Amino acid sequence: MKKLNTIDSSIIPLPIEDVDTDQIIPARFLKATTKAGFGENLFRDWRYHSDGSPKQDFVLNNPLYGGEILVAGKNFGCGSSREHAAWALQDFGIRIVVSSFFADIFKGNALNNGILPITVPDSFLHEIFEAIENDPKTELHISLEDQIVEIKSTGASQNFEIDPYKKMCLLNGYDDIDYLLSLSDKINTFETERTNLKTE
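What you see is a predicted model, and the numbers here were worked out from it, not measured in a lab.

A.B. asks: Talk me through the pairing of strand S6 (residues 148–151); I want residue IDs and the actual numbers.
C.D. replies: With burial as the criterion, only one face of S6 is covered, namely that bearing Val 149 and Ile 151; the residues Ile 148 and Glu 150 on the opposite face remain uncovered. Hairpin connection between strand S5 (residues 139–143) and S6: a loop of four residues separates the two successive antiparallel strands, and Gln 147 in this loop has a positive phi of roughly 55°. Joining the antiparallel neighbours S6 and strand S7 (residues 157–159) is a turn of five residues, in which Gly 155 adopts a positive phi near 80°.

A.B. asks: Describe the packing of aromatic side chains, listing the residues and the values that go with them.
C.D. replies: By the definition in use, this model includes seven aromatic pairs. With 5.7 Å between their ring centres and 0° between their planes, Phe 43 and Trp 46 make a pair best called stacked. Measuring from ring centre to ring centre gives 5.3 Å for Phe 76 and Phe 106, while their planes differ by 80°; the resulting arrangement is edge-to-face. One end of the pair, Phe 76, is in the loop between strand S2 (69–72) and helix H3 (84–92); the other, Phe 106, is in helix H4 (residues 104–112), and 30 residues separate them in sequence. Across this residue pair, the class does not change: Phe 76 and Phe 106 are buried.

A.B. asks: Give a detailed account of the nonpolar core, specifying residues and quantitative values.
C.D. replies: Soluble globular proteins tend to bury their nonpolar side chains together. Counting 27 residues, the largest nonpolar core has Ile 24, Phe 43, Leu 70, Phe 76, Leu 89 and Phe 106 as the members making the most contacts within it. Those elements that place two or more of their residues in this core are strand S1 (6–14), S2, H3 and H4. In terms of residue count, H3 provides more of this core than any other element does, five residues in total. When neighbours within four sequence positions are excluded, Phe 43 is seen to be in contact with Leu 14, Val 19, Gln 23, Ile 24, Phe 58, Leu 60, Leu 70 and Phe 76. In terms of nonpolar packing, the next biggest core, distinct from the first, is built from 26 residues, Ile 11, Val 71, Phe 160 and Ile 162 among them.

A.B. asks: I'd like to hear about the pattern of salt bridges, residue by residue, with values.
C.D. replies: A complete count under the given rule lists four salt bridges for this structure. A salt bridge links Arg 82 to Asp 22, with the nearest nitrogen and oxygen atoms 3.0 Å apart. Taken together, the positions of Arg 82 in the loop between S2 and H3 and Asp 22 in helix H1 (residues 21–24) put the pair 60 residues apart, joining distant regions of the chain. Here Asp 45 makes a salt bridge to Arg 28, at a shortest N to O gap of 2.5 Å. Linking Asp 45 in helix H2 (residues 44–47) with Arg 28 in the loop between H1 and H2, this pair joins segments that are 17 residues apart in sequence.

A.B. asks: Would you mind going over the sheet that holds S7 in detail, with residue names and values included?
C.D. replies: Spatially, seven strands are ordered S4-S3-S2-S1-S5-S6-S7 in an open sheet, and the strand pairing comes out mixed. Both edges of this open sheet fall to strand S4 (116–119) and S7, since each of them pairs with a single strand only. Pairwise comparison of adjacent strand axes, ignoring direction, gives a mean angle of 25° for this sheet. Here three bridges tie S2 to strand S3 (residues 96–99), and the two strands are oriented parallel to one another. In the strand pairing of S3, Ile 69 is matched with Ile 96.

What counts, and where the lines are drawn
- Residues numbered from 1 in each chain as written.
- Predicted model: local features only at pLDDT ≥ 70, side-chain atom pairs only at ≥ 80, totals over all residues.
- Heavy atoms only, no water.
- Buried < 20%, exposed > 50% of the residue type's maximum accessible area, 1.4 Å probe, protein only.
- Helix = DSSP H or I, 4+ residues; strand = E, 2+ residues; numbered from the N terminus.
- Pairing = 2+ DSSP bridges.
- Phe/Tyr/Trp six-rings, centres within 6.5 Å; stacked < 30°, edge-to-face > 60°.
- Core = buried A, V, L, I, M, F, W, Y, C linked by side-chain atoms within 4.5 Å.
- Contact = heavy atoms within 4.5 Å.
- Salt bridge = Lys/Arg side-chain N within 4 Å of Asp/Glu carboxyl O.
- Axes fitted to C-alpha atoms, helices over the stretch in contact; angles between N-to-C directions.

See below:
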């Protein structure tokens, strides 16, 4: 996974509550066994007409918006437990999702795939959407190290919580296997010492 620490980016606003994983990536696109290529079907049914033509009023088709940060309404990622929802966001280029509430399984899947889900109070989420409404090119400054998100145009900021282990993994670009491999020297030393004790 790519390391994630500080990101300054414009925003993709999705002020819709209760966005479920079937809306993020519809079930008919779950046949692939690798993570690549899911981004083209991210929000497929909201993004395209049945004939494949883009819906011009959907945010991902609006040239005013873009960036590595998706800001979504409350209860993002509810519904089924499909990890493909995180795959689709990651493949599209989303590195951070900001909302006032995430479904637990989606949150875990996001963290396991290098996406940082940031939970902020409803009031601060409203401030972000208000800033975007005033200026579609509004940027957020996000520091994982300091656990802070800032609206650059207003200076308003908010701290966020994250599991220390997941924070360390994101900062270093580790998945769970990478983390274990990073400890290989310590594991080998432990095994050697244990073997020596048995032979004494």
